Amino acid sequence: MPPGDRPPISKRNLCSRENRANYVGMVGAVCIVLLSLLLEGCTRPPVHEPVTLTLLEEWTTKTFNEARQQELQQFTRETGIRVKLLPSPESAREKLALWQELLRTGASGPDVYGIDVIWTRILNEYFLDLKPYFGNEISLQFPALTASYSVDNKLVAIAYRADIGLLFYRTDLLREYGYREPPRTWDELEIMAARIQAGERAKGKKEFWGFVWQGGATEALTCNALEWQASEGGGQIIEKDQTISVNNPDAIRAWQRAARWVGSISPPGVGGYVEADALNVWVAGAAFMRNWPTAFADSQAAGSPIRNRFDITVLPAGKAGRAGTLGGAGLGVSRLSAHPREAIELVRYLSRRDVQTKRSRVLSVPPSLPELYDVPDVLGPNPGFAMLRQAFRTGIVSRPSNVTGNKYPDVSEAYAQAVHSVLTGEKRAAEAAAALENELVRITGFKKGPPQADQRARE
Ligand code: GLC
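Residues numbered from 1 in each chain as written. Predicted model: local features only at pLDDT ≥ 70, side-chain atom pairs only at ≥ 80, totals over all residues. Heavy atoms only, no water.

Colleague: I would appreciate a short explanation of helix 11 (residues 275-285) in the present structure.
Modeller: Helical periodicity: at 3.6 residues per turn, an α-helix aligns residues three or four positions apart in one direction. Within helix 11, burial applies to Asp277, Ala278, Leu279, Val281, Trp282, Val283 and Gly285. Against strand 7 (166-170), strand 8 (209-212), strand 10 (286-291), helix 12 (295-299) and strand 11 (310-313) lie the buried residues of helix 11. (Buried < 20%, exposed > 50% of the residue type's maximum accessible area, 1.4 Å probe, protein only. Helix = DSSP H or I, 4+ residues; strand = E, 2+ residues; numbered from the N terminus. Contact = heavy atoms within 4.5 Å.)

Colleague: Help me understand the site of the ligand, please; the structure alone is not making it clear to me.
Modeller: Taken together, the neighbourhood of the ligand is formed by Asp116, Val117, Ile118, Arg161, Asp163, Glu219, Ala220, Glu275, Trp292, Gly327, Gly328 and Arg399. Within the contact set of the ligand, an oxygen atom lies 3.3 Å away from a side-chain nitrogen or oxygen of Arg161. Within the side chain of Glu275, one N or O atom sits 2.7 Å away from an oxygen atom of the ligand. Protein contact buries 89% of the 310 Å² of open area that the ligand shows by itself. Per-class residue counts for the shell around the ligand are four nonpolar, two polar and six charged. Looking at which domains feed residues into the shell around the ligand, each of domain 1 (11-163 + 327-393) and domain 2 (166-325 + 399-448) gives three or more. (Near = heavy atom within 4 Å. Polar contact = N/O pair within 3.5 Å; in protein donor to acceptor, adjacent residues only side chain to side chain. Areas by Shrake-Rupley, 256 points an atom, 1.4 Å probe, with all protein chains shown as cover. Nonpolar A, V, L, I, M, F, W, Y, C, P; charged D, E, K, R; others polar. Domains from an automatic or database assignment.)

Colleague: Is there a simple way to explain helix 10 (residues 249-261) in this structure?
Modeller: End to end, helix 10 covers 19 Å across 13 residues, agreeing with the expected 18 Å (1.5 Å per residue, within 8%). Of all the residues in helix 10, the buried ones are Asp250, Ala251, Ile252, Ala254, Trp255, Arg257, Ala258, Ala259 and Trp261. Among the structural elements, helix 8 (186-202), strand 8, helix 9 (219-231), helix 18 (408-423) and helix 19 (429-444) are those in contact with the buried residues of helix 10. Structurally, the start of helix 10 carries an N-cap: the backbone nitrogen of Asp250 is 3.1 Å from a side-chain oxygen of Asn248. In the stretch just after helix 10, Gly263 is the one whose phi turns positive, near 85 degrees. (Expected span 1.5 Å × (residues − 1).)

Colleague: What's the story with the pairing of strand 6 (residues 158-164) in this structure? I'm lost.
Modeller: Put simply, side chains in a regular strand alternate between the two faces of the sheet. Within strand 6, seven of the seven residues are buried, which leaves the element mostly enclosed by the surrounding structure. The pairing of strand 6 with strand 12 (residues 324-333) spans six bridges and is classified as antiparallel. From the neighbouring strand, Ala162 faces strand 12, where its bridge partner is Gly328. (Pairing = 2+ DSSP bridges.)

Colleague: I keep staring at the packing of aromatic side chains and nothing clicks. Help me out?
Modeller: To describe a pair of aromatic rings, one takes the distance between the centres and the angle between the planes. Taken as a whole and judged by the stated rule, the model has 17 aromatic pairs. Centroid distance Trp213 to Trp261: 6.0 Å. Interplanar angle 70 degrees. Geometry classified as edge-to-face. Placement of Trp213 in the loop between strand 8 and helix 9 and of Trp261 in helix 10 is noted, with a sequence separation of 48 residues between them. Accessibility classification places Trp213 together with Trp261 in one group, the buried group. Every member of this aromatic cluster is reached through a ring pair, and the members are Trp186, Phe211, Trp213, Trp228 and Trp261. Over the aromatic face of Trp209 sits the side chain of Arg201, whose NZ or CZ is 4.3 Å from the ring centroid. (Phe/Tyr/Trp six-rings, centres within 6.5 Å; stacked < 30°, edge-to-face > 60°. Lys NZ or Arg CZ within 6 Å of the ring centre and 35° of its normal.)

Here is the structure:
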């Protein structure tokens, strides 16, 4: 069944039997690899043997893993240090649960971990402070990324990938329907999507959709919904000063508008979509897609029906301006690593300028170093890179992970479930926002209040 044809709104959640079975299998696989490394270590003579590190990556697609293996082989050639890449689950929440399980159970876990920007405070205690080792590199990173990886004065991870929500659009269709530019506002997007969809369907493309995005009740919905509401002045869910601001008219209107999209310009099943689902429908036939810059690679792949027929821009503005959610990944060194020196070398190598440059070309991974966005070779193939750079200037919004620390997974889950209940029509937006506000008080103990005037960062 093509993803656009999914049964209407299904919840994707961690607790499904299938996900749990996958997760248990994944934990098993990671444990077997770790155990075999440990046994290897025990039987080996202790001196003059090359060190083998283990790396647990936050982002794992088949193509990414293949390219990463090549990077690791190059690292071994340069340093003599070997690295074993561990498998990891798909969703952000399952990954975090696995990371926590491994870090809590103590010794012999991975040496280096991939860390999503939202995990810094949650995992802080298990990681070394990288600040003393990366004096020169830190100032070269996007400041917003460094801020996301900092707790007080400690640097928990070094970023190697920047990420921002962007708008993908079909240039051929915009031209055909008489639009010279991509939509500047959400209202324009809604009108253009509806018109193009109606036109394409009239031509017989019954499965064509106006706008696809991520509506499944996962971390990805937290990112999408935050963009809708922050661009309308509806705040950051919980503000930097610990005010729970989510129950406000601008956020409510933004959620309600998205609920209107479901089944009109967006597929009825969009409430079950994660990034890969939106990408599949977009490649099969949709006018617009919200996704991360890396979605360029599959859209532009040889054999893709939309190859050279699309472009990428910043997300549309609401009445408060534009807001793309800041995402991204970094690498941290476990406090429990038996080889911290070598592990730090690995982090240094994977975040190095030349390695990031190559990765940006091979995999369309946006670098974490702003200076690389001035290099024509890096900017060349993926228009999303220039737009990511522009989004850093026009407005980015961060999820409230640093202000909520360990509570962030519960906060994000509650938020995504509340928005999801509006998308499914189960609740009205005002009702869902009021209930969420109380739930967030219960989770965090913070006070209620209005959003700050403009919470979008620019750099
Ligand atoms: C992307 C982002 C990450 C975010 C995730 C949500 O991988 O880089 O920050 O948490 O998507 O699905």
